[in-house]
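An overview of the molecular structure
Listed here are the chains, written in short residue letters.
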Amino acid sequence: MPSDKICKTIHQYNREPIPREYMEKLVEIAEDYTKVKNYVYTRFGGIGSLSKLYPGYMVQNEMTQSGLRGQLQMPSVYFYLAVFEALGDIKSQWSNIRARISKLVGQNEGFTEDEKHYLRFLLKVTNAFDAALNERPIKLQRDIQAQYDCLAGKVDVLKMHRYVRRQVRKYHVKLRATEAGGFSTAGKAYRYGDHGIYISIKEKRKRIFVPLTDNNQYDRQLYIKLIPEQNNLEIKVPIDVAVRSYADYTGEIGLSLGMQVMLTTDEGHRYGERLGEYQSSYADWIREQTAVYNRNRKDNPGRKKYNARKSQFEEQLHSYINQELNRFFRTEKPRILYLPRLPRSMTGGVSKRINHYAALWQRGYIRSRLEQKSRERSVEIVEVIGKDISNECSRCGAIGSRQEGTFFCQSCGYKAEEKTNGAQNAKKRGTTGRVLVER
């Protein structure tokens, strides 16, 4: 059963510039927060510490005994949040590695079914996976050990373990937090009041006050994102919101995503027509700044202004995307969306400028926001097969041609805007069962 609630991030902002001395204290917390995370990454991110990650109390105990908190004179609430945030990143990396290896195992035609079964067992059972990576004998609980012994008797165990270690070396990377962009804070370290928020600092029993643009108050873990160049901050608040169902949301709509126009429907309605303009300005600026930085790298020009301006470009772009998505839902009122699976980003192309422009296409962000807003409104997304969806005629099914944004079918004479034709194909494939994943 789908959940009747979903997680949504609320943003809060300071009403006036934060005094420089206050911002320095917040930046100091963020820098120490980053140091703690990097310490955890270095100490517990390798294969030798895999057994300590679950459930995680061993990491907590060792970090307590390390003396790092005392060296940094860091409040415990920030220290342990940094520890567990880094621990979560390490666990996520291992989960992704195991999932990736499992997929490779399934696709490898050189393995027998017994070998695949054994490898999947290793990837699923953490203690067995840990022992295989660290070249130790696999000793498990009695019932699981019997299952393991049965599987191990049918394969070359050393060969299987070498394969797993080889894949881990290939995909495992050293995690590192490079920028002190902010920090998480729990309820003990902040208090709302006086039309703002009081945030604890490293000095005992002292907090700084930041007036906010709204009077909303929350009682959960927050993330404080710092923008020191502008003496501003942004508070990110994860909250659970009820999923709403709209009686007038009845439409079944095929969609086509694009770099110039964000969304085109099967009826030819367009949303996000200025997306190309925003992305072109962003891409051109990135190329220009990269060239300037490379020319002056020996003089160490720094990246603070660059990062601030880049964040500004991205925020403007994301704001426009969300605004147009909201307009799409208000106007179209869909019950089901048919969306083709997009191909992977391609390397190579007509020119470096076009390649760079394509690389900065916000399709991942657009897709994630579309899915989030669909869940909030109980709108179903049906993913359809994307092969030849732009080249196929939505009227007769023959392969046609595209030129200057127009699709033309030589077989039946159908002519339409190419994105509209692609959206019509998405709807046609969705309603006739040519789907990949239904959400």
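Scroll up to find the structure this text is about.
To keep things clear, this report deals only with the structure shown in the data block. (Residues numbered from 1 in each chain as written. Predicted model: local features only at pLDDT ≥ 70, side-chain atom pairs only at ≥ 80, totals over all residues. Heavy atoms only, no water.)

1. So, the sheet that holds strand β15 (residues 415–417)
Let me state the cut-off plainly: The pairing criterion is simple: DSSP has to find at least two bridges between the two strands. The numbering of helices and of strands both runs from the N terminus, where a helix is a DSSP run of H or I of at least 4 residues and a strand a run of E of at least 2. What counts as an axis is a line fitted to C-alpha atoms, over the stretch in contact for a helix, and the angles between N-to-C directions run from 0 to 180 degrees. In what follows, a contact means two residues having at least one pair of non-hydrogen atoms within 4.5 Å.
Judged by pairing direction, the sheet is antiparallel, and its three strands sit side by side in the order β13-β14-β15 without closing on themselves. Two strands lie at the open edges of the sheet, namely β13 (401–403) and β15, each paired on one side alone. Across the sheet, the mean angle separating the axes of adjacent strands is 25° when strand polarity is ignored. Across three bridges, the pairing between β13 and strand β14 (residues 406–408) is antiparallel. Note that in β14 the partner of Gln 403 across the bridge is Thr 406. The strands touched by helix α13 (residues 418–431) within the sheet are β13, β14 and β15, with β15 carrying the most contacts at an inclination of about 100°.

2. Here's the deal with the packing of helix α4 (residues 76–107) against helix α8 (residues 157–171)
What counts is decided by this rule: Our angle categories are set so that under 35 degrees counts as roughly parallel, over 145 as roughly antiparallel, 65 to 115 as roughly perpendicular, and the remainder as oblique. Note: crossing handedness is left-handed where the near helix turns anticlockwise from the far helix by less than a right angle, and right-handed where it turns clockwise. Classification convention: Asp, Glu, Lys, Arg as charged; Ala, Val, Leu, Ile, Met, Phe, Trp, Tyr, Cys, Pro as nonpolar; all other residues, Gly among them, as polar.
Remark: α4 packs on α8, axes separated minimally by 10 Å, with the N-to-C direction vectors making an angle of 125°. As the angle between them shows, α4 and α8 are arranged oblique. As α4 packs across α8, the resulting crossing turns out to be right-handed. For the pair formed by α4 and α8, the contact residues are Trp 94, Ile 97, Arg 100, Ile 101, Leu 104 and Val 105 on the first element and Tyr 163, Val 164, Gln 167, Val 168 and Tyr 171 on the second. Among the residues forming the contact of α4 with α8, the class breakdown is nine nonpolar, one polar and one charged.

3. A short note on the nonpolar core
As a reminder, the rule being used: Side-chain atoms within 4.5 Å are what join buried Ala, Val, Leu, Ile, Met, Phe, Trp, Tyr and Cys residues into a set we call a nonpolar core. Relative accessibility decides the category of a residue: with a 1.4 Å probe and only protein chains considered, values under 20% of the type maximum give buried, values over 50% give exposed, and everything between is partly exposed.
The biggest cluster of nonpolar side chains holds 73 residues, and the ones touching the most others in it are Val 36, Met 63, Trp 94, Tyr 118, Phe 183, Ile 197 and Leu 226. Ranked by residues supplied to this core, first place goes to α4 with 13 residues. Setting aside residues up to four positions removed in sequence, Phe 183 forms contacts with Leu 26, Ile 29, Ala 30, Tyr 33, Tyr 78, Leu 222, Tyr 223, Ile 224 and Leu 226. Ile 253, Tyr 320, Leu 325 and Leu 337 belong to the second largest nonpolar core, which has 26 residues in total.

4. A few points about the environment of Trp 94
With respect to the element layout, Trp 94 can be found in helix α4. Between the C-alpha atoms of Trp 94 and Gly 46, which are 48 residues apart in sequence, the distance is 10.0 Å. Filtering out sequence-adjacent residues up to four positions away, Trp 94 remains in contact with Gly 45, Gly 46, Ile 47, Leu 50, Leu 53, Tyr 54, Phe 129, Leu 133, Val 168 and His 172.

5. Here we look at the packing of α4 against helix α5 (residues 113–124)
Orientation of α4 relative to α5, taken along the N-to-C sense of each, is 175°, at an axis distance of 10 Å. As far as their axial angle goes, α5 and α4 are roughly antiparallel. Counted together, Arg 98, Ile 101, Ser 102, Val 105 and Gly 106 of α4 and Lys 116, Leu 119, Arg 120, Leu 123 and Lys 124 of α5 form the full contact between these two elements. Here the contact of α4 with α5 is composed, by residue class, of four nonpolar, two polar and four charged.

6. Description of the pairing of strand β2 (residues 182–185)
Across the two faces of β2 the burial is the same, with Gly 182 and Ser 184 and Phe 183 and Thr 185 all buried. Bridge count for β2 against strand β6 (residues 222–227) is four bridges, and the pairing is antiparallel. What sits directly across from Thr 185, in β6, is Leu 222.

7. Examining the pairing of strand β12 (residues 380–384)
In terms of burial, β12 is largely enclosed, as four of its five residues are buried. As paired strands, strand β11 (residues 334–340) and β12 are joined by five bridges and run parallel to one another. By the bridge assignment for β12, Leu 337 is matched with Ile 381.

8. Considerations on the pattern of salt bridges
The cut-off we apply is this: Salt bridges are counted wherever a side-chain nitrogen of Lys or Arg sits within 4 Å of a carboxyl oxygen of Asp or Glu.
Summed over all chains, the structure comprises 26 salt bridges. A salt bridge links Asp 89 to Lys 37, with the nearest nitrogen and oxygen atoms 3.9 Å apart. Remark: Lys 37 occurs in helix α1 (residues 20–44) and Asp 89 occurs in helix α4; sequence separation between them is 52 residues. Accessibility expressed as a relative area gives 11% for Lys 37, which makes it buried. Between Glu 324 and Arg 327 there is a salt bridge, and its shortest N-O distance comes to 2.8 Å. Remark: Arg 327 and Glu 324 occur in helix α10 (residues 304–332); sequence separation between them is three residues, near one turn of the helix. Residue classification places Glu 324 among the buried residues on the basis of a relative accessible area of 7%. Here the residues in one salt-bridge network are Glu 28, Asp 32, Lys 35 and Lys 202, joined through shared partners.

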